[in-house]
Amino acid sequence: MTDHDHDQSYAPDPDFTAQANAQADLYDVAASDRLAFWDEQARRLDWSTEWSEVLDWSDAPVAKWFVGGQLNVAHNCVDRHVEAGNGDRVAIHWIGEPEGDSRDITYAELKDEVSRTANYLTSLGLVAGDRVAIYMPLLPEVYIAMLACARLGLTHSVVFAGFSPAALRSRIDDAEAKLVITADGQFRRGKPAPLKAGVDDALAGNLEGTDGHAATVQNVLVVRRTGVDVEWTEGRDVWWDEVVPQQSPEHTPEAFDSEHPLFLLYTSGTTGKPKGIVHTSGGYLTQASYTHHHVFDHKAGQDVYWCTADVGWVTGHTYGVYAPLSNGAECIVYEGTPN
């Protein structure tokens with residue numbers, strides 16, 4: 001390869017360029033007044049209270065975005081699309097790993113499921129600011145659980161379902177999670193594998209380096225997925241299908257401050273103890289929604305979108321859940337590992 005080869009460029013088709021969400025002048029608009037640019041992007045979302053200042057940088061390096069603004073992330077990802085008349089649009093095309101196992105969920109159905117789950121979490125006594133650990137494969141319920149937490153102002157901490165009980169326990173302890181949401185098992189290359197057993201091990205306190213039972217966890221909510229046998233702790237463990245469907249589908253989301261913690265996600269721990277990174281609500285959702293619209297060139301009602309990342313990682317949080325749903329996307333969710 002010669003240096004000349006590196007100089008080659010291939011312009012996109014003019015018709016494709018003309019219909020793109022992002023045009024060339026977007027760079028100039030952002031450069032001319034960056035705060036006005038982000039003010040405009042934030043207005044792509046629904047806010048119950050407008051902000052008084054786009055960015056407070058007075059306590060650098062701590063940044064506060066959309067100061068005084070209030071919104072609900074779940075409302076922006078679900079309710080507002082239903083209210084706009086798009087309730088019949090499919091939000092999640094879920095494809096299970098066993099062949100033929102699939103489910104479509106519309107935005108109206110997703111709103112009902114998220115509301116039922118939020119009502120159940122409230123019945124457990126959870127209030128805004130409490131933390132919830134989610135240890136699940138890519139099932140519809142993991143999206144429902146995340147959005148239910150966002151609806152209530154609960155800070156969720158998703159732990160990749162391939163992580164060990166010790167990794168789960170360290171994150172539960174650090175976050176002081178009151179609830180763990182998991183499944184009885186998961187499919188790995190077509191075969192069922194236990195998952196709740198790992199939760200039981202994590203909470204029991206028989207792991208090296210732990211100090212007795214997990215002190216903060218009060219309940220474990222379990223989704224039936226594979227039908228594998230599970231150990232059961234009465235008074236702590238609850239089957240999802242026995243409590244959530246019975247809840248009311250009516251729920252009014254509460255608006256939270258732009259800087260309210262949305263989720264807590266831990267670093268991998270490959271270079272030291274995993275560190276919990278807090279992502280707040282307003283600035284995060286503004287950036288996620290903006291990039292999905294402009295960078296992915298997504299067009300609601302026309303495109304079907306698939307993010308291959310697991311929700312155990314930040315890419316799966318952002319471009320598997322919050323960004324596409326905030327833009328009213330039809331999302332493919334594939335339970336298995338792509339070959």
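Below is a summary of the structure that appears in this document. Note that the coordinates shown come from a computational prediction; the quantities given were computed from them, not determined experimentally. Residue numbers restart at each chain and count upward from 1, following the sequence in its written direction. In keeping with the model being predicted, local features are shown solely for residues with a pLDDT of at least 70 and side-chain atom pairs are shown and tallied solely at 80 or more, while totals for entire chains, interfaces and linings include all residues. Computation of side-chain values covers all heavy atoms of the structure but excludes hydrogens and water.

1. With respect to unusual backbone geometry
Put simply, the test is: Strands here are runs of E lasting at least two residues and helices are runs of H or I lasting at least four, both read from the DSSP assignment and numbered beginning at the N terminus.
The omega torsion of the bond from Ala60 to Pro61 falls at 10 degrees, within 30 degrees of zero and hence cis. Considering the arrangement of structural elements, one finds Pro61 in the loop between β1 (53-59) and β2 (62-67). With a phi angle near 55 degrees, Phe66 is a residue other than glycine that sits in the positive phi range. Position of Phe66 among the secondary structure elements: in strand β2. Even without a glycine there, the phi angle at Asp297 is positive, about 55 degrees. Looking at the element boundaries, Asp297 is found in the loop between α11 (282-294) and β16 (304-306).

2. Observations regarding helix α7 (residues 140-152)
For clarity, the threshold we go by: A helix is expected to span 1.5 Å multiplied by its residue count minus one. Using a 1.4 Å probe on the protein chains alone, a residue whose accessible area is under 20% of its type maximum counts as buried, one over 50% counts as exposed, and one in between counts as partly exposed.
Along its 13 residues, α7 runs 19 Å from first to last C-alpha, staying within 8% of the 18 Å computed at 1.5 Å per residue. Where burial is concerned, most of α7 is hidden: 13 out of the 13 residues are buried. Downstream of α7 by one or two residues, Gly153 has phi in the positive range, about 75 degrees.

3. Topic: the environment of Val230
So the rule is basically this: Note on definitions: a residue-residue contact is assigned when non-hydrogen atoms from the two residues lie within 4.5 Å.
By the secondary structure assignment, Val230 is in the loop between β11 (219-223) and β12 (237-239). The exposure class assigned to Val230 is partly exposed, which follows from its relative accessible area of 26%. Sequence separation of Val230 and Asp184 is 46 residues, and the distance between their C-alpha atoms is 6.6 Å. Leave out the neighbours within four places in its chain, and Val230 touches Asp184, Lys196 and Trp239.

4. A closer look at the sheet that holds strand β5 (residues 102-106)
Worth spelling out the cut-off: DSSP-based pairing: two strands are paired if at least 2 bridges between them are found. With axes taken as lines fitted to C-alpha atoms, and helix axes fitted only over the stretch in contact, angles between N-to-C directions fall between 0 and 180 degrees.
Ordered in space as β5-β4-β17-β16, the 4 strands form an open sheet in which the pairing is mixed. Both edges of this open sheet fall to β5 and β16, since each of them pairs with a single strand only. Each neighbouring strand pair of the sheet contributes to a mean axis angle of 20 degrees, computed without reference to strand direction. As paired elements, strand β4 (residues 90-95) and strand β17 (residues 330-334) share 4 bridges and run parallel to each other. The residue of β17 that forms the bridge with His93 is Ile332. On the sheet, α7 packs against β4, β5 and β17 and is oriented at approximately 30 degrees with respect to β5.

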